[in-house]
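Now for the letters of each chain:
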Amino acid sequence: FRVNALLLDDVVDTTGAGDAYCGTLAACLYEGRSLEDSASRASAAGSLACMKKGTISAFAYQGDVEERLGEIKITR
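Draft legend 1. Spotlight on the side chain of Ser47. Turning to its location among the elements, Ser47 is positioned in helix H2 (residues 35-48). Within the local environment of Ser47, its side chain forms a polar contact with the backbone nitrogen of Leu6, the two atoms lying 3.0 Å apart. Here Ser47 is in contact with Ala5, Leu6 and Leu8, once residues within four sequence places are set aside.

Draft legend 2. Highlighting the environment of Thr15. Examined against the element boundaries, Thr15 turns out to sit in the loop between strand E1 (2-3) and helix H1 (17-30). Thr15 sits in the exposed class, given a relative accessible area of 51%. Sequence-distant contacts of Thr15, that is, excluding residues within four places in its chain, are made with Gly54 and Thr55. Within the local environment of Thr15, its side chain forms a polar contact with the side chain of Asp13, the two groups lying 2.5 Å apart.

Draft legend 3. Representation of the environment of Met51 in the model. Along the polypeptide, Met51 turns up in the loop between H2 and helix H3 (62-68). According to the relative accessible area criterion, Met51 is partly exposed, its value standing at 38%. Beyond its immediate chain neighbours, meaning those up to four positions away, Met51 contacts Leu8, Asp10, Val12 and Arg68.

Draft legend 4. Fine view of the nonpolar core. Judged by nonpolar contacts, Leu6, Ala44, Ala45, Leu48, Val65 and Ile72 together constitute the single largest core of six residues. Element by element, the count of residues in this core is highest for H2, at three residues. Not counting residues up to four positions away in its chain, the partners in contact with Leu48 are Leu6, Ala58, Ala60, Asp64, Val65 and Arg68.

Each value, and the rule that gives it
Residues numbered from 1 in each chain as written. Predicted model: local features only at pLDDT ≥ 70, side-chain atom pairs only at ≥ 80, totals over all residues. Heavy atoms only, no water. Helix = DSSP H or I, 4+ residues; strand = E, 2+ residues; numbered from the N terminus. Polar contact = N/O pair within 3.5 Å; in protein donor to acceptor, adjacent residues only side chain to side chain. Contact = heavy atoms within 4.5 Å. Buried < 20%, exposed > 50% of the residue type's maximum accessible area, 1.4 Å probe, protein only. Core = buried A, V, L, I, M, F, W, Y, C linked by side-chain atoms within 4.5 Å.

The analysis is restricted to geometry; functional conclusions fall outside its scope.
If you want it as structure tokens, here you go:
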């Protein structure tokens, strides 16, 4: 399967995007979520991290990820 990223109007800084993606993916898998669900949430978190400058300070809250999760598309 393939998971897309969020379409963002303005990318500020991509520095922490990979860390946000990997951390969210690992946390979701640890919680017992499916790989597809975990990858979707990780994609949203990685995308949202690009909207602010910095790394940890740019990471999205779980509620922010949930809010945008419907925009993530999975193709098989």
